[in-house]
Amino acid sequence: MIIAFTGPSSSGKTTTMMEVKKRLEEKGYTVGIVSNVVRNVLKDMNKTLSDIRTDKDIVNMFQEYFIQRQLIEEYLQTNNSIILTERCVFDYFIYQMLFAKLSDSIKYMNKYHDIMAHYDHIFYFEPLELEKDGIRDEVTREKEIQLYDILIKNECHDIVEKNTVSIQQCSS
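Residues numbered from 1 in each chain as written. Predicted model: local features only at pLDDT ≥ 70, side-chain atom pairs only at ≥ 80, totals over all residues. Heavy atoms only, no water.

Concerning the packing of aromatic side chains
Counting across every chain of the model gives three aromatic pairs. Between the aromatic rings of Phe-5 and Phe-125, the centroid separation amounts to 5.7 Å while the plane-to-plane angle is 50°, which identifies the pairing as tilted. In this pair, Phe-5 is assigned in strand 1 (residues 2-6) and Phe-125 in strand 4 (residues 121-125), connecting sequence segments 120 residues apart. Here Phe-5 and Phe-125 have matching classes, each one buried. A centroid spacing of 5.8 Å and a plane angle of 50° characterise the contact between Phe-62 and Phe-66, whose relative ring orientation is tilted. With Phe-62 and Phe-66 both in helix 4 (residues 56-76), this residue pair falls four residues apart, about one helical turn. Residue Phe-62 is classed as buried on the basis of its relative accessible area of 9%. Taken together, the aromatic side chains of Phe-5, Phe-123 and Phe-125 make up a single cluster linked through ring pairs. (Phe/Tyr/Trp six-rings, centres within 6.5 Å; stacked < 30°, edge-to-face > 60°. Helix = DSSP H or I, 4+ residues; strand = E, 2+ residues; numbered from the N terminus. Buried < 20%, exposed > 50% of the residue type's maximum accessible area, 1.4 Å probe, protein only.)

See below:
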């Protein structure tokens, strides 16, 4: 079972995911975690988000790579009874829409939608106050939130407005 936590940056995905992991393990489940895929890729390549957002073709190339890494990381966790992931494929689509060519984003829309079928549950998190971490900026985040509202929110199985997820929802 794969459970994805999706939503804009600074919405509580990782914090909630780690609490869900703890509670599921207390119930006897083996739980795998997929987290920080983009940050890990950028760190491995000694790059920043600013570096890869300089050219729309580079954005497309990296977004495809991030998706492949996400899917590989999820696959590597299949020995666990439940996999929790702080992002899902649609998250990468949002960033592609923000920083890449619109025509390329539209081309990938169906591809992303088809891949989404492998998630058993997708929890969408409403945005919280922006965490000032030197990576995110307010203008980009507002655009990100608008795209999530338009494109992703309705695709999710559950909306998490107060960052609380019922363990019964996840394990049913």
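Now that the structure has been shown, we can carry on.
Side note on the environment of Thr-78
If you trace the backbone, Thr-78 turns up in the loop between helix 4 and strand 3 (82-85). Thr-78 sits 47 residues away from Val-31 along the chain, and the two C-alpha atoms are 9.5 Å apart.

A closer look at the pattern of salt bridges
With the rule as written, the count across this model stands at five salt bridges. Residues Arg-23 and Glu-19 are paired through a salt bridge, measuring 2.9 Å at the closest nitrogen-oxygen approach. Note that Arg-23 and Glu-19 are positioned in helix 1 (residues 13-26) at a spacing of four residues, about one turn of the helix. With relative accessibility at 30%, the residue Glu-19 sits in the partly exposed group. Note that Glu-25 is salt-bridged to Lys-21, the shortest N-O span being 2.6 Å. Of this pair, Glu-25 and Lys-21 are both found in helix 1, four residues apart, which corresponds to roughly one turn of the helix. Residue classification places Lys-21 among the buried positions, given a relative accessible area of 18%. Taken together, the shared-partner salt bridges in this structure form one network comprising Asp-44, Arg-69 and Glu-73. (Salt bridge = Lys/Arg side-chain N within 4 Å of Asp/Glu carboxyl O.)

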